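This is what each chain is made of:
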Amino acid sequence: MRVSSSTFTGGFIGEIQQLEQQQNTLQEQASSGLSVTLPSDNPSVMSEVLNLQTNGAANTQYQSNITQLQASATTSATAMNSLQTIVSQVNEIATNASSGTASSTQLSTYASEVEACIQQAMQLGNTQDANGNYIFGGTDSSTKPFVATTDANGNVTGVSYKGNTNVNQNDIGLSMTVATQVPGENTTGSGAEGLFADSRTGADLFKDMVSLQQNLASGDTSAISSTNAPALTNDENNIINQISANGVVQSALTAANTMATSQNTNMTTEITNDTSANMAQTMTELDQTQTAYQAALESGTMVMSVSLLNYLQ
Amino acid sequence: MAGQSLSVETQATAVAGQNLANVSNPAYADEQLQVQAAPSLDTTSGDEGTGVQATKITQLWDSLLNSQIVAEDSVSGSLNSQQSALQQTEAYLNEQLSSSSSTGTSSSNGLAADLSGLFNSLQTLSTDPTSIPDRQAVAQSAQQLTQQFNSVSSGLTTVASDLNTSIQNGVTSSNNDLSQIAALNEQIINAQADGGTDNNLIDQREKTIEDLAGYANITTSAQSNGAVNVSIGGVTMVADGATPDSLQTYTNSSGQLMIQAQNAGTPLTLTGGSIEGSITARDGQVATLQNSINTLASTLITQFNSVYSGGYDLNNNNSTQDFFTGSDAASIGVNSTVVNDPTTFQASGTSGDTGDNTVVLSLANLASQSLSSLSNQTLSQSYAATIGDFGSALQSVNSQISNSTAVSQMLATQRSSETGVDTDTEMTNLMQYQKAYEASAELVTTVNQMLETLIDMKTE
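Residues numbered from 1 in each chain as written. Chains lettered and ligands numbered in written order. Predicted model: local features only at pLDDT ≥ 70, side-chain atom pairs only at ≥ 80, totals over all residues. Heavy atoms only, no water.

Visitor: What am I meant to see in the overall build of chain B here?
Guide: When helices and strands are tallied, chain B shows 10 helices and 13 strands. For 460 residues, the compact-globule estimate of 2.2 N^0.38 gives 23 Å, and chain B exceeds it by more than 25% at 37 Å. Here chain B holds 460 residues, and the buried ones make up 45% of them. Considering only residue pairs separated by 6 or more positions, chain B has 67% of its internal contacts joining residues 24 or more positions apart. If you average the places of the 8 positive and of the 43 negative side-chain charges in chain B, the two averages end up 9 Å apart. (Helix = DSSP H or I, 4+ residues; strand = E, 2+ residues; numbered from the N terminus. Rg over C-alpha atoms; globule rule 2.2 N^0.38 Å. Buried < 20%, exposed > 50% of the residue type's maximum accessible area, 1.4 Å probe, protein only. Contact = heavy atoms within 4.5 Å. Lys, Arg positive; Asp, Glu negative; His and termini not counted. Charge placed at Lys NZ, Arg CZ, Asp CG, Glu CD.)

Put into structure tokens, the structure is as follows:
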């Protein structure tokens, strides 16, 4: 092949350009640590990364939902446990009173103890969470759910429920929902079970406690043993059921959180595997390219610097 | 005889000088002075030479190679303009991966991240539907998303209008080239009619033809009178020294800038060159992307608003106002009422129950819903697929360019090998001419001395 002056320089420039491009690409990969940065670098990886990233962001959001729901479930659980302690105390009083051995002084002490329990149960029924929402008002979380009516002596004669029977569902994973809310009362016969009263179980804590208090005050021990004691046992069972349901919800939250965490770890690994530059390979290639570049420059300048002109006087 | 020889060597030196001067001109074809022995005289002692004469200066032309280079110029012209448009578009999409130690690899500036942002803020609100800060967060993330839609859309519009500008510029430059080719044809025809050839003008014409091929794919036909006629899309644009037609832009029925022959008035369908590349990029990938982004935006607007319209706000109102305003990526926005007063966000699904989260949860769940208007993909999946398709298109153009560059380079090497100037050869020739010139001069001196001797002899 005939080699003209421009054959040589043209080829040389082309070669150098190509090596420079290769060096540039490798250098970018080495400095960013990524083999893919733009959609055109690797379209399928890019679109997969975007999908993984969306799923990852959704998972992180589920975890944040879970944290929030765990907090409110814990708040409910604490309140329900305290309520159970109160109800079992009231139950003990009912059992003691129904034996018929208690003196009238004893009964009136019991009556005031029950009155105090009613007040405490009211307070628990109106528990608010960290955001100021009433946790036992159903979805009507901004209205104080339990309001008492009192007689001239300041004794509670009845407690009315101002909340509703709805509960919000929340996402804790893809197609995984959970409800942490518990309505204070539900006498509609459908939907979430009420904590203080529910028509399906026949529980009606405030009514039964008020009735007990009134029977204690009037000394009607037979009514206590025939009506109040069994009713209050039923009320306590209803609360225990709610506490165990809360436990189920809490463990579901923990499980969902663990799942989201491990999914995110997998996704992060997947994204990293898809996009990370293989450093050892990149550096080796960069080294090779650099050697080729140096060789091209050296040989190029070596050949180009010499021509017939050097030998003409 | 010696004088003629001197003149031939001078001419040869001039040709070598011309070659050396054009050593770095890629369209220049090496020239050679063709010489032959002058007709001999028939004498009694046999044929007697009368020296040398120059016949003509020839060029090392390879017209097949030149036409391949012209065709390749059109291919690379088209690809280069597509590449630059798509690279610009890629930048406007703002989907660039970066790696950070805390979050790993992520792309956090584009629409994908903003879509996640909106749906995540809705999820947060669903856990506490009456929260004002959570409502504000929804309005903010929605605004961020709509601004990103607007910015991508206006970026794509900018790319399209830049492409139109480059089509206009391409037409202007092509018409300049066409006139120049015609003017050069004229001079070449005249030179040839006078019995000569003007190699410099031919080189210059070749260079102009190659430049023109970068704008539009052309067909050339060499004429016996030395002219090269040029036609584009079947319409003759240069005939000998005249330009019977030229390129012109026009707006077609769908409002797009296209190319036609100015005098013939026929629309031209180009298959190569930067003008075609600009049209292909504008009506191809850029338009497809714009459509996909618009479909994404309009689907979001429709789906979101239809769920949202069934909701009640914190003041227990069910307004008929939409959450997202507008109809496509360019016009999408967030209802200013909600932005100014987050209590008006309709999160509850039940009248009178402000703590209900039914509507906000349904809105959050739109994120994972397969939508028929997006080929049964979710919003995010559809966007990721759009990005993947666009990336493939640019990747394909990039690889075509590296192929085309390799071909161009090979052709250039081949041409420079066949017709390029080699300094060493020219210098060697130059020395040869110099020696020959010296020898001829020596001949003159010798003859002169011989004559002097003769004259001296006579005068003595």
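Next comes the rest of the write-up.
Visitor: Sorry if this is basic, but what is going on with the overall build of chain A here?
Guide: Assigned secondary structure in chain A consists of 6 helices and 7 strands. Element order for chain A, N to C, with α for helix and β for strand: α-α-α-β-β-β-β-β-β-β-α-α-α. For 313 residues, the compact-globule estimate of 2.2 N^0.38 gives 20 Å, and chain A exceeds it by more than 25% at 38 Å. Projected onto its principal axes, the C-alpha positions of chain A cover 140 × 30 × 30 Å. Here chain A holds 313 residues, and the buried ones make up 42% of them. Taking all contacts inside chain A whose residues are at least 6 apart in sequence as the whole, residues at least 24 apart take part in 64%. Counting every atom, chain A has about 14,800 Å² of accessible surface; 51% of that belongs to carbon and sulfur. Taking the average place of the 5 positive charges on the side chains of chain A and the average place of its 25 negative ones, the gap between the two points comes to 12 Å. (Areas by Shrake-Rupley, 256 points an atom, 1.4 Å probe, with all protein chains shown as cover.)

Visitor: Looking at this model, I keep getting lost on the pattern of salt bridges. Mind explaining?
Guide: Here the idea is simple: oppositely charged side chains can pair when their charged atoms come close. Applying the stated criterion to the full structure yields 3 salt bridges over all chains. Between Asp198(A) and Arg200(A) there is a salt bridge, with its nearest N and O atoms 3.1 Å apart. For Asp198(A), a relative accessible area of 1% gives the class buried. Between Arg282(B) and Asp283(B) there is a salt bridge, and its shortest N-O distance comes to 2.8 Å. By relative accessible area, which is 33% here, Asp283(B) ends up partly exposed. (Salt bridge = Lys/Arg side-chain N within 4 Å of Asp/Glu carboxyl O.)

Visitor: Just checking my understanding: could you explain the packing of aromatic side chains for this structure?
Guide: The geometry of an aromatic ring pair is captured by two quantities: the separation of the ring centres and the angle between the planes. One pass over the full model with this rule turns up 12 aromatic pairs over all chains. Summarising the aromatic geometry, the rings of Phe196(A) and Phe206(A) are spaced 5.0 Å apart at their centres and angled 10 degrees between planes, so their arrangement reads as stacked. Here the residue Phe196(A) occupies a position in the loop between β5 (185–186) and β6 (197–198), and Phe206(A) occupies one in helix α4 (residues 205–218), the gap between them amounting to 10 residues. Exposure remark for Phe196(A): the relative accessible area of 1% places this residue in the buried category. Note on Phe304(B) and Phe324(B): the rings are 4.9 Å apart at their centroids and 65 degrees apart in plane angle, and the pair reads as edge-to-face. (Phe/Tyr/Trp six-rings, centres within 6.5 Å; stacked < 30°, edge-to-face > 60°.)

Visitor: I tried to follow the sheet that holds strand β7 (residues 218–222) of chain B on my own but got confused; where do I start?
Guide: To summarise the sheet geometry, strands pair through backbone hydrogen bonds and adopt either a parallel or an antiparallel arrangement. All names here are of chain B. Overall, antiparallel pairing links the 3 strands, which are arranged β7-β8-β9 in an open sheet. Only two strands of the sheet have a single neighbouring strand rather than two, namely β7 and β9 (235–238). Across the sheet, the axes of successive neighbouring strands diverge by a mean angle of 35 degrees, strand direction being ignored. Across 3 bridges, the pairing between strand β8 (residues 228–232) and β9 is antiparallel. (Pairing = 2+ DSSP bridges. Axes fitted to C-alpha atoms, helices over the stretch in contact; angles between N-to-C directions.)

Visitor: Where do I start with the nonpolar core in this structure?
Guide: Considering soluble globular proteins, one finds that nonpolar side chains tend to be buried as a cluster. In terms of nonpolar packing, the biggest core is built from 62 residues, with Leu122(B), Phe149(B), Leu300(B), Phe304(B), Phe323(B), Phe324(B) and Phe345(B) touching the most fellow members. Counting residues per element, this core draws most heavily on helix α6 (residues 273–308) of chain B, at 10 residues. The residues contacting Phe149(B), other than those within four sequence positions of it, are Leu111(B), Ile293(B), Leu296(B), Ala297(B), Leu300(B), Ala329(B) and Ile332(B). Judged by nonpolar contacts, the second largest core, of 37 residues, contains Ile93(A), Phe196(A), Phe206(A) and Leu212(A). (Core = buried A, V, L, I, M, F, W, Y, C linked by side-chain atoms within 4.5 Å.)

Visitor: Please explain the interface of chain A and chain B as it appears in this structure.
Guide: The accessible area lost on association of the parts is a frequent measure of interface size. Contacts between chain A and chain B engage 50 residues on the former and 55 residues on the latter. Three residues stand out in chain A for area buried against chain B, namely Arg2(A), Ser40(A) and Leu50(A), and they jointly supply 13% of the buried area on that side. Run the count over chain A and chain B and you get 0 salt bridges. Residue assignment for the side of chain A that touches chain B shows that the elements contributing at least two residues are α1 (5–32), α2 (43–98), β3 (170–173) and α5 (221–275) of chain A. Broken down by element, the residue count for the side of chain A that touches chain B peaks at 14 residues, all from α2(A). Of the residues belonging to the side of chain A that touches chain B, the class tally is 18 nonpolar, 28 polar and 4 charged. (Buried area = accessible area lost by both parts, 1.4 Å probe. Nonpolar A, V, L, I, M, F, W, Y, C, P; charged D, E, K, R; others polar.)

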